[in-house]
Amino acid sequence: EELELQNNDLTGSIPEEFGNMESAEFLSIESNQLTGSIPPRIFGQNIPGLRILYLNDNQLSGPVPENYGQSPRLKDLWMNDNVLTGTLPIIAEGEFLFLEELLLNNNEMTGEVDESLCLIRNDTAPGGNLGVFHADCQPPTGGGAPQLVCSCCTACFV
């Protein structure tokens, strides 16, 4: 099943009930004006078949949920162009087995991307499927340190 709500000028927070959509494979709520934090219920075994999750181009804030790597079939996770903060959580071995795209750029995240994410890149041994990994790991034009330190991102933004 698919739920496509992109470009609808939706406001408010992401309803916790989205985590009850057990048969969803594709959830797109990108390009709205959603605020608040990302509910942890949309990750993990609550939506076991979820393959595509587009949360980008909103005003979502707070940290990425600790359980974000627990979606067993997730292939694309776009969280770019929000105001997410904090450090990206570590993923456990066996998580993000199918992840191909992870977009985090244009947020307010800081810290260092853990090596656990580098190990699922598609160009590492033993490797995974992650081929597109965007983050704010480019130093600012005027100098200084990047927001995120990332040794395995495929594209860095300011």
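Residues numbered from 1 in each chain as written. Predicted model: local features only at pLDDT ≥ 70, side-chain atom pairs only at ≥ 80, totals over all residues. Heavy atoms only, no water.

Student: Can you explain unusual backbone geometry? Please cite residues and give values.
Tutor: One non-glycine residue with positive phi stands out, namely Asp9, at about 55 degrees. Along the chain, Asp9 turns up in the loop between β1 (2-4) and β2 (11-12). A relative accessible area of 56% places Asp9 in the exposed class. The residue Ser31 is not glycine, and still its phi comes out positive at about 55 degrees. Tracing the backbone shows Ser31 in the loop between β3 (26-28) and β4 (33-36). The partly exposed category is assigned to Ser31, whose relative accessible area is 22%. (Helix = DSSP H or I, 4+ residues; strand = E, 2+ residues; numbered from the N terminus. Buried < 20%, exposed > 50% of the residue type's maximum accessible area, 1.4 Å probe, protein only.)

Student: Which residues make up the sheet that holds strand β8 (residues 83-84), and what values do they have?
Tutor: With respect to topology, four strands assemble into an open sheet ordered β2-β4-β6-β8, the strand pairing being parallel. Each edge of the open sheet is held by one strand with a lone partner, namely β2 and β8. Of the strand pairs in this sheet, β2 and β4 are connected by two bridges, and their pairing is parallel. Within β4, the position partnered with Thr11 by the bridge is Gln33. (Pairing = 2+ DSSP bridges.)

Student: Which residues make up the packing of aromatic side chains, and what are the values?
Tutor: Summed over the entire model, instances satisfying the criterion amount to three aromatic pairs. Both rings, one in Phe26 and one in Tyr54, keep their centres 5.7 Å apart while their planes meet at 85 degrees; by these two values the pair is edge-to-face. Taken as a pair, Phe26 in strand β3 and Tyr54 in strand β5 (residues 52-54) lie far apart in primary sequence, 28 residues in all. Residue Phe26 shares its accessibility class with Tyr54, and that shared class is buried. An aromatic cluster of at least three residues, connected via ring pairs, comprises Phe26, Tyr54 and Trp78. Its guanidinium or amino end placed over the ring of Phe98, Arg73 lies 4.4 Å from that ring's centre, counting from NZ or CZ. (Phe/Tyr/Trp six-rings, centres within 6.5 Å; stacked < 30°, edge-to-face > 60°. Lys NZ or Arg CZ within 6 Å of the ring centre and 35° of its normal.)

Student: Help me get a handle on a negative patch on the surface, residues and values and all.
Tutor: Taken together, the side chains of Glu1, Glu2, Glu4 and Glu25 make up a negatively charged region of the molecular surface. Assignment of secondary structure puts Glu2 in strand β1. (Patch = residues over 30% accessible without salt bridge, like charges linked within 9 Å, V, L, I, M, F, W, Y side chains within 5 Å. Areas by Shrake-Rupley, 256 points an atom, 1.4 Å probe, with all protein chains shown as cover. Salt bridge = Lys/Arg side-chain N within 4 Å of Asp/Glu carboxyl O. Lys, Arg positive; Asp, Glu negative; His and termini not counted. Charge placed at Lys NZ, Arg CZ, Asp CG, Glu CD.)

Student: Describe the side chain of Ser71, listing the residues and the values that go with them.
Tutor: Residue position: Ser71 is located in the loop between β6 (59-62) and β7 (76-78). The exposure class assigned to Ser71 is buried, which follows from its relative accessible area of 2%. Residue contacts for Ser71: discarding those within four places in its chain leaves Ile42, Phe43 and Gly44. (Contact = heavy atoms within 4.5 Å.)

Student: How would you summarise the side chain of Asp76 if you had to cite specific residues and measurements?
Tutor: Topologically, Asp76 is positioned in strand β7. Lys75 provides the closest opposite charge to the buried, salt-bridge-free Asp76, at an N-O distance of 4.8 Å. Apart from residues no more than four positions distant in its own chain, Asp76 is found in contact with Arg51, Ile52, Leu53, Tyr54, Leu99, Glu100 and Glu101.

Student: A description of the sheet that holds strand β9 (residues 101-103) should follow, citing residues and the corresponding values.
Tutor: Taken together, seven strands build an open sheet; the order of strands is β1-β3-β5-β7-β9-β11-β13 and the sheet is parallel. Either end of the sheet is taken by a strand with one partner, and the two such strands are β1 and β13 (155-156). In the sheet, β3 pairs with β5 via three bridges, with the strands oriented parallel. Residue pairing for β5: Leu27 is matched across the bridge by Leu53.

Student: Tell me about the state of the cysteines, and please be specific about residues and values.
Tutor: Applying the stated criterion to the full structure yields three disulfides. Between the sulfur of Cys137 and that of Cys156 lies a disulfide, 1.9 Å long from S to S. Handedness of the Cys137-Cys156 disulfide follows from its S-S torsion of about -90 degrees: it is left-handed. Here Cys137, found in the loop between β11 (132-135) and β12 (148-149), pairs with Cys156, found in strand β13; they are 19 residues apart in sequence, far enough to count as distant. Across a sulfur-sulfur distance of 2.1 Å, Cys150 and Cys153 are joined as a disulfide pair. Because the torsion about its S-S bond is 100 degrees, the bridge between Cys150 and Cys153 counts as right-handed. Cys153 carries the same exposure label as Cys150, and that label is buried. For the protein, the disulfide bridges join cysteines in the arrangement 1-4, 2-6, 3-5, where the cysteines are counted in sequence order. (Disulfide = S-S within 2.5 Å.)

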